[in-house]
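# Coordinates in review
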Amino acid sequence: MRILMVMPYRQFLGQARAEGFSTVALWDPALESPGYLREVAAGAEAYLTTDFGDTAGLRRVVAETAAKHRVERIVHLGREETMLPVAEEAERLGLAANPSRAVARLNDKSLLRRLLAEHGLSPVEVRRFGTPDQVRSALGELTLPVVAKPTALAGSRGVRLISGPADLAAWERSLAGYGYRGPVLVEEYLRGPEYSVETLSAEGRHQLVGITAKEVTAPPTFVETAHTHPAPLPAADERAMAELVTRMLDAAGHRFGPVHTEVVLTGAGPRVVESQTRLGGGRIPLLVQLSRGYDLERAVFAALAGRLEPAGPARGVARIEFFDFRPGTVVSVSGVEQAGALPFVHELSVPFEPGGQVPVTVDAKTRHGHVVVTAPDVGAAVERCAQVRQLIRLETR
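Described below are features of the structure shown in this document.

What counts as what
Residues numbered from 1 in each chain as written. Predicted model: local features only at pLDDT ≥ 70, side-chain atom pairs only at ≥ 80, totals over all residues. Heavy atoms only, no water. Core = buried A, V, L, I, M, F, W, Y, C linked by side-chain atoms within 4.5 Å. Buried < 20%, exposed > 50% of the residue type's maximum accessible area, 1.4 Å probe, protein only. Helix = DSSP H or I, 4+ residues; strand = E, 2+ residues; numbered from the N terminus. Phe/Tyr/Trp six-rings, centres within 6.5 Å; stacked < 30°, edge-to-face > 60°. Pairing = 2+ DSSP bridges. Axes fitted to C-alpha atoms, helices over the stretch in contact; angles between N-to-C directions. Contact = heavy atoms within 4.5 Å. Parallel < 35°, antiparallel > 145°, perpendicular 65-115°, else oblique.

### Details of the nonpolar core
I74 and F301 are the most contacted members of the largest nonpolar core, which totals 46 residues. Considering every element that reaches this core, the biggest residue donor is helix α11 (residues 296-304), with six residues.

### Topic: the packing of aromatic side chains
A full pass over the atoms with the stated rule returns seven aromatic pairs. Aromatic side chains F325 and F352 sit 6.3 Å apart centroid to centroid with 85° between the ring planes, which places their arrangement in the edge-to-face category. With a gap of 27 residues between them, F325 in the loop between β14 (317-322) and β15 (328-334) and F352 in the loop between β16 (345-349) and β17 (357-358) connect regions that are remote in the sequence. Since its relative accessible area comes to 12%, F325 is described here as buried. The class of F352 is buried, set by a relative accessible area of 12%.

### Focus: the sheet that holds β16
One key point about sheets: their strands pair by backbone hydrogen bonds, in either a parallel or an antiparallel sense. With antiparallel pairing, the eight strands of this open sheet are ordered in space as β13-β12-β9-β10-β11-β14-β18-β16. Each having just a single partner strand, β13 (269-276) and β16 make up the two edges of the open sheet. Each adjacent strand pair in this sheet contributes to an overall mean axis angle of 25°, direction not counted. Judged from the six bridges that link them, β14 and strand β18 (residues 370-375) form a sheet pairing that is antiparallel. Bridge assignment links E321 to a residue of β18, and that residue is V371. Packed on one face of the sheet, α11 meets β9 (194-202), β10 (205-216) and β12 (257-266) and runs near 35° to β9.

### Regarding the packing of helix α6 (residues 109-118) against helix α9 (residues 235-252)
Contact geometry of α6 with α9 gives a least axis separation of 10 Å together with a crossing angle of 105°. The pairing of α6 with α9 is recorded here as roughly perpendicular in orientation. Taking contact as the criterion, the partners of L112, L115 and L116 in α6 are, on α9, M248, A251 and A252.

Geometric values such as these leave the question of function open.
Written out as structure tokens, the structure is:
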């Protein structure tokens, strides 16, 4: 079967080929480096580019490419910003693996809240505003603190705890920095540990792949600082989260592909924070593979062929921690090679050189690199990450 993959990450092409698919790749050259896209082109049977910011043009290129290359399925597993128009065009052509309505309901935070409320799932108090400035006029009506978030940004961008006017002003500035002027949600502040639930679906059947424990920065921002897979959870809590997410997927009409759902385990039970029809970020597929021996990326293409391959039990723990160096101009970096040589380190990224700039971390894109380790249990994984941190020295001024 020949498939058109919109925004395929380079590893997806090999995974699709291993499952018997031939691939046509479509990318926006402004969104990745030339070197990265050369690798994408080398892994695809055909490679095309277009401006993803031009929605009408993107839909036109998708339709023309599908006809020219006799594509049998169209899939989009990249960033969610352009998933909906691609899903709608695929549906119009009769080549969709997943209904566009499901993509919209899961990816759009406002539509997801409506869907959950309609089905009596994950009750959360929420108000919707057409523009960010409307929140200011309603601030006196809100029971603070609340969490304010854009409906269409990912990676912790624009999510902030609002406890008063100063927080509101900072939130408004952050949205302006992203050029975001669209709808926003103001939700009750959910208290409890955070998790992400990874699922994979084929022909409307849903499989729990696993649950990842998440650590985030203290309020008012909620930037992820570490993930541990599998999460150390009582069986009852794991079942409750899996049941909630499965019911959500059924309600949305989701039929194919991975879904990454963020959940807070409150005193009243699990509550959905948000969901996306894609694989989890923060190297979660790697954590799944290291801890379970389960290649989630390849399993996506097995699911596209109609097969759900079970993930199986974990054989240990995998953990990623994101570094938090002092912002400023880099003077020196040391200890990276020594840390990377440790036998339990599987991936290490310190993307700075002398003269470069370490930014302030405000979202997923401004984090300072990471380390991925394996260990027999969570405590040992935390200790091994601490050992890596002690070895790495990054001096800034």
